[in-house]
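# Report on the structure
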Amino acid sequence: MANLDLSKLQELLQNAEANETLLQRVRKNMNQVEVLLGEISQMLEPGYTPAKKERQPKSTGTGKGPGRPKKNA
């Protein structure tokens, strides 16, 4: 009967470890969901205007464009 109790105790401990890792993943995902919901609520406000991205000018290199060089026949 002692073996039976020890095996059940081991099983409970293994299940507890698996459940703990699952809970950690759920907490992490819930934090991400909360952040996304906050962003969505900001977008749904009446005075929301999206921020425009400023484009960086093209870097001036050697002046040659990408691609295959011309043939010299």
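Residues numbered from 1 in each chain as written. Predicted model: local features only at pLDDT ≥ 70, side-chain atom pairs only at ≥ 80, totals over all residues. Heavy atoms only, no water.

Labelled according to an unreviewed UniProt entry, the chain appears under the name IS66 family transposase, originating from Hymenobacter volaticus.

This paragraph deals with the overall build of the chain. Looking only at helices and strands, the chain features one helix and zero strands. When the 73 residues of the chain are sorted by exposure, 0% land in the buried category. For the chain, the computed accessible surface area is about 8100 Å², with 56% contributed by carbon and sulfur atoms. (Helix = DSSP H or I, 4+ residues; strand = E, 2+ residues; numbered from the N terminus. Buried < 20%, exposed > 50% of the residue type's maximum accessible area, 1.4 Å probe, protein only. Areas by Shrake-Rupley, 256 points an atom, 1.4 Å probe, with all protein chains shown as cover.)

As a further point, take a nonpolar patch on the surface. On the surface, Leu22, Val26, Met30, Val33, Leu37, Ile40, Met43, Leu44 and Tyr48 cluster together to form a nonpolar patch covering roughly 850 Å² of accessible area. Looking at where Tyr48 falls in the secondary structure, it is placed in the segment after α1 (2-43). On the basis of relative accessible area, Tyr48 is assigned to the partly exposed category, the value being 39%. (Patch = residues over 30% accessible without salt bridge, like charges linked within 9 Å, V, L, I, M, F, W, Y side chains within 5 Å. Salt bridge = Lys/Arg side-chain N within 4 Å of Asp/Glu carboxyl O.)

This paragraph deals with the pattern of salt bridges. Counting across every chain of the model gives one salt bridge. Glu20 is the salt-bridge partner of Arg27, the closest N and O atoms lying 4.0 Å from each other. Exposure remark for Arg27: the relative accessible area of 48% places this residue in the partly exposed category.

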